[in-house]
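# Working through the structure, step by step
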Amino acid sequence: VQLVESGGGLVQPGESLRLSCKASGFAFSSYSLSWYRQAPGKEREFVARITSAGGVTNYADSVKGRFTISRDNAKNTVYLQMNSLKFEDTAVYYCSRLWPNAYWGQGTQVTVSS
């Protein structure tokens, strides 16, 4: 199982970024995928989750209405569209498959700074 994130970068408050996570080594369309993030000095926290067919999504309250998780099962890729970014969104963002075994990507840095 391999999960490779990309798309992070440095943006100003109010701007947007789209993260991608390319998966391999398992039947991608059969599994729910999630995004988590970890800010400096803080614990890793849940951001968003999408079910295998993409029919159900869940979000942390802190990103609801600003972030959108989606997936393209034909491309084995899950996305996180992040709009109206805030300083407090600065973190390393991780893609994960948590069941039945937990797998994590290496993370991609998102920095929101003026």
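How each quantity is defined
- Residues numbered from 1 in each chain as written.
- Predicted model: local features only at pLDDT ≥ 70, side-chain atom pairs only at ≥ 80, totals over all residues.
- Heavy atoms only, no water.
- Helix = DSSP H or I, 4+ residues; strand = E, 2+ residues; numbered from the N terminus.
- Rg over C-alpha atoms; globule rule 2.2 N^0.38 Å.
- Buried < 20%, exposed > 50% of the residue type's maximum accessible area, 1.4 Å probe, protein only.
- Contact = heavy atoms within 4.5 Å.
- Polar contact = N/O pair within 3.5 Å; in protein donor to acceptor, adjacent residues only side chain to side chain.

## So, the overall build of the protein
- A count of helices and strands for the protein gives zero helices and eleven strands.
- Going from the N terminus to the C terminus, the protein shows its helices and strands as β-β-β-β-β-β-β-β-β-β-β.
- Over its C-alpha atoms the protein spans a radius of gyration of 13 Å, differing by no more than 12% from the 13 Å that the globule rule assigns to 114 residues.
- Across its three principal axes, the protein shows a C-alpha extent of roughly 40 × 25 × 20 Å.
- Among the 114 residues that make up the protein, the fraction classed as buried is 41%.
- For the protein, the proportion of contacts with a sequence separation of at least 24, taken over those separated by at least 6, is 52%.

## Some points on unusual backbone geometry
- Cis geometry marks the peptide bond from tryptophan 99 to proline 100; its omega dihedral reads 0°.
- Inspection of the secondary structure assignment puts proline 100 in the loop between β9 (91–97) and β10 (103–104).
- A positive phi is found at asparagine 76, a non-glycine position, where the angle reads about 50°.
- One can find asparagine 76 in the loop between β7 (67–72) and β8 (77–82).
- Although it is not a glycine, serine 84 adopts a positive phi angle of roughly 50°.
- For serine 84, a relative accessible area of 41% corresponds to the partly exposed category.

## Observations regarding the side chain of threonine 77
- Mapped onto the elements, threonine 77 comes out in strand β8.
- Residue classification places threonine 77 among the buried residues on the basis of a relative accessible area of 7%.
- In this structure the side chain of threonine 77 is engaged in a polar contact, spanning 2.8 Å, whose partner is the backbone oxygen of lysine 75.
- If sequence neighbours within four positions are ignored, threonine 77 has contacts with Ser20, Cys21, Lys22, Phe28, Arg71 and Asp72.

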